[in-house]
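Take a look at the letters that make up each chain.
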Amino acid sequence: MKPYVKTNKNDYIDAEAIAEAVTRPTMRFVPIKTDDQLDLQSLHRIRERWVKGRTAVINQIRGLLLERGITMRKGRKHLEASVPQILEDAENKLSGALRALRHF
């Protein structure tokens, strides 16, 4: 659309540029997605957001433990393997309130 916009951007100029572009014989159009394609796209987007959220929580846990001098390797599997041992270790600096978070 950019080549067809003549001046500053506003709705009227955008609509004019779209009308101009549609009349061009070399204009390519994107086919409408089927319901199955939309469903699959939705699943991919939801999964991607879930993974981002999970990664954020893992990094937050690592950061909170690092503030207390407890380090662990990056990655979900390392966290899942390390957290039970860290929570059971009575000599580390974790409070009872932080240890209770494992039940959430």
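For the structure given in this document, a descriptive report is provided here. (Residues numbered from 1 in each chain as written. Predicted model: local features only at pLDDT ≥ 70, side-chain atom pairs only at ≥ 80, totals over all residues. Heavy atoms only, no water.)

1. Some details on the side chain of N92
So, point 1. Tracing the backbone through its elements, the reader meets N92 in the loop between α3 (76-88) and α4 (96-100).
So, point 2. In terms of polar contacts, N92 uses its side chain to reach the backbone carbonyl oxygen of I86, at 2.7 Å. (Helix = DSSP H or I, 4+ residues; strand = E, 2+ residues; numbered from the N terminus. Polar contact = N/O pair within 3.5 Å; in protein donor to acceptor, adjacent residues only side chain to side chain.)

2. Re the pattern of salt bridges
So, point 1. Following the criterion strictly, the structure yields three salt bridges and no others.
So, point 2. The residue E20 makes a salt bridge to R24 at a minimum N-O spacing of 2.5 Å.
So, point 3. You can call E20 partly exposed: its relative accessible area is 30%.
So, point 4. Given the relative accessible area of 37%, R24 is considered partly exposed.
So, point 5. Two residues, R76 and E80, come together in a salt bridge whose shortest N-O distance is 3.3 Å. Of this pair, R76 and E80 both sit in helix α3, four residues apart, which is roughly one turn of the helix.
So, point 6. Given a relative accessible area of 35%, R76 falls into the partly exposed group. (Salt bridge = Lys/Arg side-chain N within 4 Å of Asp/Glu carboxyl O. Buried < 20%, exposed > 50% of the residue type's maximum accessible area, 1.4 Å probe, protein only.)

3. Details of a nonpolar patch on the surface
So, point 1. Judged by side-chain polarity, I18, V22 and F29 come together as a nonpolar surface patch covering roughly 310 Å² of accessible area.
So, point 2. If you trace the backbone, V22 turns up in helix α1 (residues 11-22).
So, point 3. Under the relative-accessibility criterion, V22 is labelled partly exposed at 46%. (Patch = residues over 30% accessible without salt bridge, like charges linked within 9 Å, V, L, I, M, F, W, Y side chains within 5 Å. Areas by Shrake-Rupley, 256 points an atom, 1.4 Å probe, with all protein chains shown as cover.)

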